[in-house]
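In case you want the letters, here they are:
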Amino acid sequence: MKLSKLFSFIFVFVVAAGIAYGQDGTITGTVKFSGTPPTMKPFPVPSSFTGCGKEKSLDRLIVGKGGGVANAVVYIEGLKKKAGKTSPGEYVIDQKNCEYHPHVLVVAQGNAFTVENTDMMFHNVHGYVEATHATAFNIAEPIKGMKAIQRVRKPGMYLLECDVHPWMNGYVYVAGNGYATETNSDGAFTLSNVPPGKYKLVMWHEGWNTKIVGGRPDYSKPVEQTQEITVAAGKATTADFTLK
Ligand SMILES: [Cu+2]
């Protein structure tokens, strides 16, 4: 083989390998409710609370068009790749109308989120490790317009509750990698820039059965489902989940 031919052969090989290496895949899918979703009863607000209305939705199960379930968290387990840094203003939890907005927030480990209070009343965001109910953080915001920046270093699921208003609940999922997201109002999700490989994909939903015990909502355990998936270079892989 002539030297020039050898070089062109090596060049083509290196370029082809580079393209294959650089092509990440995508995972898209939906979380849907099978059958008729149960009717979610609102929480009756005791008359001792003013300014929050007479009843509040607990936002435990939100089913949209075509059965799509909002606020499920979907993530790849065990993939070691850190997410990029974001500014604290990119992730915000607002205490508004005596509810947490959004109800579920996904933040990549190492990043912070801002907690705001836009109500004319005292709220706090009491964050518990979801699995153990141990306190992880507690931010009190007694005055309208207050803002605080919170960073959670340990990955995992955190339950949010207000110590004043027992119906206020929400979740923050701190992702150990950059491959986690929440479903939108159609129950759809996308995980982008996934390196080719075999993974365990996890779907988490907070659960929706609720009892009122001692004037407080008592929630059933979250629902978790997993799937083994294979992501190919430059391809979109579909993964759907069903709740019932
Ligand atoms: Cu409150």
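This structure is a prediction, so every number in the text was calculated from the model and none was measured.

Undergrad: For the sheet that holds strand β10 (residues 135-141), give the residues involved together with the corresponding values.
TA: What links the strands of a sheet is backbone hydrogen bonding, and the strands pair in either a parallel or an antiparallel sense. Pairing within the open sheet is mixed, and its 5 strands lie in the order β7-β13-β12-β9-β10. Both outer strands of the open sheet, β7 (104-108) and β10, are each paired with one neighbouring strand and no more. With direction set aside, neighbouring strand axes in the sheet form an average angle of 20 degrees. Relative to β10, strand β9 (residues 123-129) runs antiparallel, the two sharing 6 bridges. Bridging across to β10, N124 finds its partner in A140.

Undergrad: Break down the sheet that holds strand β11 (residues 147-151) for me, citing the residues and quoting the values.
TA: Taken in spatial order, the 4 strands make up an open sheet running β6-β5-β8-β11, and their pairing is mixed. The strands lining the two open edges of the sheet, one partner per strand, are β6 (99-101) and β11. Along the sheet, successive strands turn relative to each other by an average axial angle of 25 degrees, direction set aside. Here strand β5 (residues 92-96) pairs with β6 via 3 bridges, running antiparallel. In the sheet register, Q95 faces β6, and the bridge partner there is Y100.

Undergrad: An account of the pairing of β5 is needed here, citing residue identities and associated values.
TA: In β5, alternate side chains face the same way, and those of I93 and Q95 are buried while those of V92, D94 and K96 on the opposite face are not. Pairing of β5 with strand β8 (residues 112-117), which is carried by 4 bridges, proceeds in the parallel orientation. Bridge pairing links V92 to T114 in β8.

Undergrad: Describe the nonpolar core, and please don't skip the residues or the numbers.
TA: Judged by nonpolar contacts, the single largest core of 49 residues is most densely connected at V69, V73 and V172. Ranked by residues supplied to this core, first place goes to strand β13 (residues 169-175) with 5 residues.

Undergrad: Got a sec to walk through the environment of D186? Specific residues and values, please.
TA: When you line up the elements, D186 lands in the loop between β14 (180-182) and β15 (188-194). C-alpha separation for the pair D186 and E206, spaced 20 residues apart in sequence, amounts to 17 Å. Ignoring any residue separated from it by four or fewer positions in sequence, one finds D186 in contact with G64, K65, G66 and G68.

Undergrad: For the confidence of the model for the chain, give the residues involved together with the corresponding values.
TA: When the pLDDT values of the chain are averaged, the result is 91; 91% of them are 70 or greater. Segment residues 9-20 is flagged for pLDDT under 50; beyond a separation of four residues in sequence, or across chains, it makes 1 contact in the model.

What counts and what doesn't
- Residues numbered from 1 in each chain as written.
- Predicted model: local features only at pLDDT ≥ 70, side-chain atom pairs only at ≥ 80, totals over all residues.
- Pairing = 2+ DSSP bridges.
- Helix = DSSP H or I, 4+ residues; strand = E, 2+ residues; numbered from the N terminus.
- Axes fitted to C-alpha atoms, helices over the stretch in contact; angles between N-to-C directions.
- Buried ≥ 20, exposed ≤ 12 C-beta atoms within 10 Å, placed from the backbone.
- Core = buried A, V, L, I, M, F, W, Y, C linked by C-beta atoms within 7 Å.
- Contact = placed C-beta atoms within 7 Å.
- pLDDT = per-residue confidence, 0-100.

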